[in-house]
Amino acid sequence: LASAVEALPELSERKRILDMHTNIATALLSEINRRGIDQLYLTESSWSGAQSSTEFNAVLAAAAEDAVGTVMDKVRLCLSYLLSTPSLSAEEVSQIEGALQSLGYQGGAHLYVRYLRRMHGIPSTAASQTTAKKLAGKLSDRLGNLAEHMDAAGRLGMKMLQKIVPVERKSDIAKAAVSIATTGNLPKECEGWEILDAKQASGRGNLRPGAKDVCLFTVGGGNFAEFGQIMELVKKAPSSHRKSFLYGSTEMLSPEQFLEQMEIVAKQTAM
């Protein structure tokens, strides 16, 4: 009995910590269910990048006014689809934009996406669609992965969401981290990236084989989705190539902030 009494404070503290984590997990799952984030994420991860009536109808259904999810979640889903599917016809693009208007969305982010599609010749020939898909992949990662992870309370929420809906999509910066961690070199997608090294005479050049500390920095908006991808992927690297990674960007944007910036650019360019 005396031993049990002495252990009571420690047991009470353990219970308090357990209850705290349980409450956090319950709150996150409730928010995911309330907004239907898992279904939106599954819808996005199923896109092939090619024109498909099934995928198109699924996006329209998910963006319907009576569908589960917030307006901003649906807006990000639609914009990601427009960027990820270069072969959409002008009529289909108009239907997507019409769905956004039906939601009461008054922002101009979709105007900026329309501008990007026009500037990069989307839809166009098969040759130009390859370039368009690269652009779509970069921006879609910011609109898609960023959108669904950030609202889940940072890294903890992001990790939980990844367990619920495991997706293997990687951003370019995550691919760079994996390539550096496994081979010591940048992948082909990142050949034009600037490499700075204070230990080299010119201050720049190729990656040194013996480098142990790597800072991946984006000039522009960064997000916790890319950070989470890098941290998870480098853990799987062979111990012989294990390096210490630091991720940084000009600013870390929430999904809403990213849309706001797109709206500002759309207004400034009078699109």
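Our subject is the structure that appears above.
Computed from a predicted model, the values in this text were never measured in an experiment.

Within the largest apolar cluster, 27 residues are counted, with the highest numbers of intra-cluster contacts made by Leu79, Tyr81, Leu82, Ile96 and Leu100. Contributing elements (two or more residues each) for this core: helix 3 (53–62), helix 4 (71–84), helix 5 (90–102), helix 6 (109–119) and helix 12 (255–268). Per element, the largest residue contribution to this core is seven residues, and it comes from helix 4. With 15 residues, the next largest nonpolar core counts Ile173, Ala237, Phe245 and Tyr247 among its residues.

Judged by side-chain polarity, Ile17, Met20 and Ile24 come together as a nonpolar surface patch covering roughly 220 Å² of accessible area. Topologically, Ile24 is positioned in helix 1 (residues 2–35). Its relative accessible area of 33% is what places Ile24 among the partly exposed residues.

For the structure on display, the rule yields nine salt bridges. In this structure, Glu31 and Arg34 form a salt bridge, with 2.8 Å as the shortest nitrogen-oxygen distance. Placement of the pair is Glu31 and Arg34 together in helix 1, with a separation of three residues, close to one helical turn. Owing to a relative accessible area of 51%, Arg34 belongs among the exposed residues under this scheme.

How each quantity is defined
- Residues numbered from 1 in each chain as written.
- Predicted model: local features only at pLDDT ≥ 70, side-chain atom pairs only at ≥ 80, totals over all residues.
- Heavy atoms only, no water.
- Core = buried A, V, L, I, M, F, W, Y, C linked by side-chain atoms within 4.5 Å.
- Buried < 20%, exposed > 50% of the residue type's maximum accessible area, 1.4 Å probe, protein only.
- Helix = DSSP H or I, 4+ residues; strand = E, 2+ residues; numbered from the N terminus.
- Patch = residues over 30% accessible without salt bridge, like charges linked within 9 Å, V, L, I, M, F, W, Y side chains within 5 Å.
- Areas by Shrake-Rupley, 256 points an atom, 1.4 Å probe, with all protein chains shown as cover.
- Salt bridge = Lys/Arg side-chain N within 4 Å of Asp/Glu carboxyl O.

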